[in-house]
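# Structural characterization, general
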Amino acid sequence: MEVAIEGSPQQVASLAADAIENLLTSRPDAVLGLATGSSPIGIYDELSRRVAAERVSFKGASAFTLDEYVGLPANHPQRYRTVIEQVFTRKVDIDPSRVHGPDGNAADLEAACAAYEKAIRGIGGIDLQILGIGTDGHIAFNEPSSSLGSRTRIKTLTQQTRLDNSRFFGDHLDAVPTHCLTQGVGTILEARQIVVVATGRAKAEAVHQAVEGPVSAMWPASALQFHPRVLVVLDSAAASRLQ
Ligand code: F6R
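Residues numbered from 1 in each chain as written. Predicted model: local features only at pLDDT ≥ 70, side-chain atom pairs only at ≥ 80, totals over all residues.

### Some points on the overall build of the chain
Across its full length, the chain carries seven helices and ten strands. In summary, the chain has a C-alpha radius of gyration of 17 Å against a globular reference of 18 Å for 243 residues, a match within 12%. By its C-alpha atoms, the chain is 45 × 40 × 35 Å across when sized along the principal axes. Every one of the 243 residues in the chain was classed for burial, and the buried ones make up 46%. (Helix = DSSP H or I, 4+ residues; strand = E, 2+ residues; numbered from the N terminus. Rg over C-alpha atoms; globule rule 2.2 N^0.38 Å. Buried ≥ 20, exposed ≤ 12 C-beta atoms within 10 Å, placed from the backbone.)

Listed below in structure tokens is the structure:
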């Protein structure tokens, strides 16, 4: 695991964006794994600036999102398909038909999970996965106690994650869905390269456990220690618990 500690959230975003730019330069048809949430927003903004400056292009790229809420109506602004479009894909030159996400409104959710795994396998796997990290150490929506070998599946969101995410639902906890579809820890670990970004003191304990803790299902991000190519980009607040 390579850990980079940057002076500001802007520098965090810029270093992470460099990894994606480098990949697309060597492999224009790369398959990207996209995270939602606030952590990668700076990366997406930086990448959209680089597309506008014609430094990088997503024309040949494909993308797969990590997770989706179950049961949000198609027009709900917090559906991750909608969020990723708003914060990233509509701002760059990626073909929208090559942006994929698990279907949280499928009649058969288990079949939707299996289909998602199949789609990722079918394209040859994810080249670079962007990850945020939850305050409780979750990655995607693999909450503490998730199997480290898990695949895309239906999960119940913890109270902590629902509380953390209620800020996106007008601070109405009741409006936050109780379930989601998420890539598993095992699915994520198959990405050929992983870039994790975390900023702010609220992430410090999770970062410490992920980077320095024993590998444990109680801190799912600690499973990243098994991966041969992970770059963790932090600001000093998120790095403040590192030894
Ligand atoms: C989002 C996701 C989550 C977030 C995590 C951190 O697709 O998979 O694991 O990365 O909850 O969220 P933020 O970045 O909002 O602190």
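After that view, the rundown keeps rolling.
### Some thoughts on the UniProt feature "site: Part of the allosteric site" (unreviewed entry) in the chain
Per the UniProt entry, the sites bearing "site: Part of the allosteric site" (unreviewed entry) are Ser146, Arg153, Lys155 and Thr156 in this numbering. Those residues in contact with Arg153, other than ones at most four positions away along the chain, are Cys113, Thr182 and Gly184. Turning to its location among the elements, Lys155 is positioned in strand E7 (residues 153-156). Accessibility expressed as a C-beta count within 10 Å gives 22 for Lys155, which makes it buried. Those residues in contact with Lys155, other than ones at most four positions away along the chain, are Phe141, Glu143, His179, Cys180 and Thr182. (UniProt positions renumbered as here; feature names shortened; annotations may be inferred. Contact = placed C-beta atoms within 7 Å.)

### Quick notes on the site of the ligand
Near the ligand, the surroundings consist of 14 residues, among which Thr36, Gly37, Ser38, Ser39 and Gly132 are the closest. When grouped by side-chain class, the residues that make up the shell around the ligand number six nonpolar, seven polar and one charged. (Near = placed C-beta within 6 Å. Nonpolar A, V, L, I, M, F, W, Y, C, P; charged D, E, K, R; others polar.)

### Here we look at the UniProt feature "domain: Glucosamine/galactosamine-6-phosphate isomerase" (unreviewed entry) in the chain
Listed under "domain: Glucosamine/galactosamine-6-phosphate isomerase" (unreviewed entry) in the UniProt record, and renumbered for this structure, are residues 10-225. Each end of residues 10-225 is marked by a C-alpha atom, and these two atoms are 26 Å apart; helix forms 33% of the span and strand 14%.

### Looking at the sheet that holds E7
Taking strand neighbours across the sheet as the criterion, the three strands line up as E4-E8-E7 in an open arrangement whose pairing is antiparallel. Only two strands of the sheet have a single neighbouring strand rather than two, namely strand E4 (67-69) and E7. The average angle at which neighbouring strand axes cross in this sheet is 30 degrees, direction not considered. Pairing analysis gives four bridges linking E7 to strand E8 (residues 179-182), with the strands arranged antiparallel. From the neighbouring strand, Arg153 faces E8, where its bridge partner is Thr182. (Pairing = 2+ DSSP bridges. Axes fitted to C-alpha atoms, helices over the stretch in contact; angles between N-to-C directions.)

### Some remarks on the confidence of the model for the chain
Of all residues in the chain, 100% attain a pLDDT of 70 or more, and the chain-wide mean is 97. Across the assembled chains, the prediction reports ipTM 0.98 with pTM 0.96. (pLDDT = per-residue confidence, 0-100.)

### Remarks on the sheet that holds strand E5 (residues 99-100)
Spatially, seven strands are ordered E1-E10-E9-E6-E2-E3-E5 in an open sheet, and the strand pairing comes out parallel. Each edge of the sheet is formed by a strand with only one pairing partner; in this case those strands are strand E1 (2-6) and E5.

### Focus: the nonpolar core
With 67 residues, the main nonpolar core has Ile133, Val196 and Val207 as its most contacted residues. For this core, the element with the highest residue contribution is helix H1 (residues 9-26), accounting for seven residues. Val207 has contacts with Ile133, Ala198, Leu234, Ala238, Ala239, Arg241 and Leu242, leaving out every residue within four places of it along the chain. (Core = buried A, V, L, I, M, F, W, Y, C linked by C-beta atoms within 7 Å.)

### Some thoughts on helix H3 (residues 80-87)
Those residues of H3 lying buried are Tyr80, Arg81, Val83 and Ile84. Angular distribution of buried residues about the axis of H3 spans 165 degrees; they occupy a single face of the element. Among the structural elements, strand E2 (31-34), strand E3 (62-65), E4 and E5 are those in contact with the buried residues of H3. (Arc of directions from axis to C-beta.)

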